[in-house]
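Observations on the three-dimensional arrangement
Spelled out from the first residue to the last, the chains are:
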Amino acid sequence: MQPFSLFSLGRVLLVSLEEDIDDAGIGELLTRVSSQVSGEAISGVIVDLHHFEVMDSHLARQLQALARMLRLLQARMVVVGLCVPVVMTLLDFGISLPEMEFALDVEQALVRLQEGKQAEGGRAP
Amino acid sequence: MKDISEVQLDEGFLSEIINAITSGIFVTDLEHNILMINKAGARMVGKRPGDCFDRKCYDIFKTPMCRTEFCTCDIVTSKDRANYGETTMQVGDRQVPIEYSSRPLKNYEGKIIGCVENFIDISERLEKDRIILEQKESLLKKREEDIRHLQDEILELSTPVIQVWDGILTLPLIGTLDSHRAHIAMERVLESIEQTRAAFVIVDITGVPIVDADVARHILQTAAAARLMGSETLLTGVGPHTARVISDSGVSLENIILKGRMTDALQYAIAQLEERRQKMKQFSHFMGALREDGEQQE
């Protein structure tokens, strides 16, 4: 079984990760997400991590890599579903994940992506 | 009625008086032989006065000081002064605590010829002292427990997370904020965010008397944690002094939205929530349209 699932919601791509995802899985995820984002002109990617009860610094780095890649493809990344223990662990490790945004749930993430798009649209010449 | 001065003070009457005294009295010569002991003294060691005469005092009383340099008889006779103290004596297989006082005994020429010792059984007193000490200790323990309980209570009370609006939590901080309290506050904020799905957390520090770099860092960390959960943090109640301290400490408050008063923060948060709700409405229309499109395509 694939360690992640992709759902396309118009210009938004929803990515749900399973807890047992390994390096190979992450590699495949990066390939699939990047081709889909550039191919379908996706402006925002929502990464759902609610399956994760623990997170290590290695996975945090992989997420940063994903965020940087998406930025190069001009798509925003919103992470949803971090639980309290994961947040506490990340803080204890001093990991702040500055390159991505966070939302309470998928709904809020969609609103956030909408907000940003309008703001960007307003700024564009 | 006879006056006490009229009574003949002969030897028999003096020994009557001495035997009537309830504390133990005995006299030794320089060789530790007991020359005289009263009834109370003999009774305390479980003997009659007749059994003690001409015996060595160390055989009768058997204290840990006997036949050492601390022997009170030797001290008073060699130094010509009174000596007081507490010790225990061995009576059968029992240890009896006593308090004693000794004075040198002199003859008419002023020459020291022995030692007079007066002792009382203090086991009852010690027992009382012990009970009092025990009571004191248990009282102290109880008080300590009470204090600990109160501290926990204060910790509980002083970090309340209140939901003041749908999607808005407030954390009014009161009192000094150490790292322990800050940690508890942060955990509670995170748990409350998880439960209530609040999009905004308003941290009010009006009630924190001393805000230093550490406190600022704690608040910042709480904001960072809230951000990872997907909520935004607003900080209110920053006074002029606090502003100065935070700016001097160089702690950057980039993840925090600053508002002057709680009212401003609430208004801001409510406005934002309302805006998002409108967006959500538009968005669900859009999603509905999308779904219809999809169905038509099929």
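To start, this report covers the structure provided alongside it. Every chain is numbered on its own, with residues counted from 1 as its sequence reads. By the order in which they are written, chains take letters starting at A while ligands take numbers starting at 1. A pLDDT threshold of at least 70 governs which residues receive local features in this predicted model, and a stricter bar of 80 or more applies before side-chain atom pairs are shown or counted, although totals over entire chains, interfaces and linings include all residues. With hydrogens and water set aside, each side-chain value is computed from the structure's full complement of heavy atoms.

Concerning the interface of chain A and chain B
The cut-off we apply is this: Between two residues, a contact is recorded if the distance between any of their heavy atoms is within 4.5 Å. Note on definitions: buried area is the accessible-area loss of two parts on being combined, 1.4 Å probe, summed for both. By definition here, a salt bridge exists when the distance from a side-chain nitrogen of Lys or Arg to a carboxyl oxygen of Asp or Glu is within 4 Å.
Contact residues are listed per partner, giving 26 residues for chain A and 26 residues for chain B. The contact between chain A and chain B buries some 2300 Å² in all, and 67% of this surface belongs to carbon and sulfur atoms. The largest share of the area that chain A buries against chain B comes from A:Val84, A:Leu91 and A:Leu104, three residues that together contribute 29% of it. Inspection of the region where chain A meets chain B yields two salt bridges.

Some details on the sheet that holds strand β4 (residues 94-106) of chain B
Strands in a sheet are paired, the pairing made by backbone hydrogen bonds, and the direction either parallel or antiparallel. Residue and element names in this part refer to chain B. What counts is decided by this rule: Pairing between strands requires that DSSP locate at least two bridges from one strand to the other. Counting from the N terminus, the helices are the DSSP runs of H or I reaching at least four residues and the strands are the DSSP runs of E reaching at least two. To get an axis, a line is fitted to the C-alpha atoms, and for a helix only the part in contact is used. The angle between two axes follows their N-to-C directions and goes from 0 to 180 degrees.
Pairing in this open sheet of five strands is antiparallel, and the strands run β2-β1-β5-β4-β3 from one edge to the other. Pairing within the sheet leaves two strands with one partner each, and these edge strands are β2 (34-37) and β3 (83-91). Neighbour to neighbour, the strand axes of the sheet diverge by 30° on average, direction disregarded. Bridge analysis of β4 against strand β5 (residues 112-121) gives nine bridges, and the strand direction is antiparallel. Bridge pairing in β5 places Glu-99 opposite Ile-120. Sitting on the sheet, helix α5 (residues 72-79) touches β1 (24-29), β3, β4 and β5, and the angle it makes with β5 is about 140°.

Brief notes about the packing of helix α1 (residues 23-39) of chain A against helix α2 (residues 57-72) of chain A
All names here are of chain A. As a reminder, the rule being used: Note on terminology: angles under 35 degrees are roughly parallel, angles over 145 are roughly antiparallel, angles of 65 to 115 are roughly perpendicular, and the others are oblique. Less than a right angle of anticlockwise turn of the near helix away from the far helix marks a crossing as left-handed, whereas a clockwise turn marks it as right-handed. When residue character is reported, Ala, Val, Leu, Ile, Met, Phe, Trp, Tyr, Cys and Pro are called nonpolar, Asp, Glu, Lys and Arg charged, and the others, Gly included, polar.
Two numbers describe how α1 lies on α2: the axes approach to 11 Å, and their chain directions differ by 15°. Accordingly, the angle class assigned to the pair α1 and α2 is roughly parallel. Handedness of the α1/α2 crossing: right-handed. Residues Asp-23, Ile-26, Leu-29, Leu-30, Val-33, Ser-34 and Val-37 of α1 lie in contact with α2, whose contacting residues are His-58, Leu-59, Gln-62, Leu-66, Met-69 and Leu-70. Each residue belonging to the contact of α1 with α2 can be placed in one class, and the counts come to nine nonpolar, three polar and one charged.

A look at empty space enclosed by the protein
Residues and elements named next belong to chain B. Counted only if it meets this: Residues are called lining when one of their atoms sits within 4 Å of a cavity or pocket point, these points coming from a 1 Å grid over the protein atoms alone, where a cavity is a set in which a 1.4 Å probe fits but cannot get out and a pocket is an open set with protein on both sides within 12 Å along at least five of seven lines. Grid points are joined across faces, edges and corners, and a volume is the space filled by probe spheres set on the points.
In this structure the tally under the stated criterion is three cavities of 30 Å³ or more. Considered as a void within the structure, the largest cavity measures approximately 140 Å³ in volume. Considering the residues around the largest cavity, the lining is formed by 15 residues, among which Phe-61, Thr-63, Cys-66, Thr-72 and Glu-117 are closest to the centre. When residues of the lining of the largest cavity are traced back to their parent elements, those giving at least two are α4 (57-61), α5, β3, β4 and β5. Counted by class, the lining of the largest cavity contains 11 nonpolar, three polar and one charged residues.

A closer look at the pairing of β5(B)
Residues and elements named next belong to chain B. Where β1 lies against β5, six bridges are found, and the strand directions are antiparallel. Residue pairing across strands places Gly-24 opposite Phe-119, the latter belonging to β5. Taken together, β4 and the strand that follows it, β5, pair antiparallel across an intervening segment of five residues, in which Gly-110 is found at a positive phi of about 85°.

Observations regarding a negative patch on the surface
Put simply, the test is: Patches in this entry comprise residues that are over 30% relatively accessible and not in a salt bridge; like charges within 9 Å are linked, as are nonpolar side chains (Val, Leu, Ile, Met, Phe, Trp, Tyr) within 5 Å. Working definition of accessibility: Shrake-Rupley area with a 1.4 Å probe, residue cover restricted to the visible protein chains. Here Asp and Glu are counted as negative and Lys and Arg as positive; His is not counted, and neither are the chain ends. Charged groups are reduced to one reference atom each: NZ for lysine, CZ for arginine, CG for aspartic acid, CD for glutamic acid.
A cluster of acidic residues, A:Glu19, A:Asp20, A:Asp22, A:Asp23 and A:Glu53, forms a negative patch on the protein surface. With respect to the helices and strands, the residue A:Asp22 is situated in the loop between β2 (12-17) and α1.

Brief notes about α5(B)
Residue and element names in this part refer to chain B. Condition: The buried label applies to any residue whose accessible area, calculated with a 1.4 Å probe on protein chains only, is under 20% of its type's maximum; exposed applies above 50%, and partly exposed to all values in between.
Of all the positions in α5, only Thr-72, Cys-73, Ile-75, Val-76 and Thr-77 are classed as buried. Those residues of α5 that are buried lie in contact with β1, α4, β3, β4 and β5. Positive phi appears at Asp-80, one or two residues downstream of α5, with a value of about 55°.

Notes on unusual backbone geometry
Of note, the phi angle at A:Leu97 is positive, near 45°, even though the residue is not glycine. Backbone geometry at B:Asp54 places phi at a positive 65°, although glycine is not the residue there. Summarising the element assignment, B:Asp54 is placed in the loop between α3 (49-52) and α4. Judged by relative accessible area, B:Asp54 falls into the exposed class, the value being 64%.

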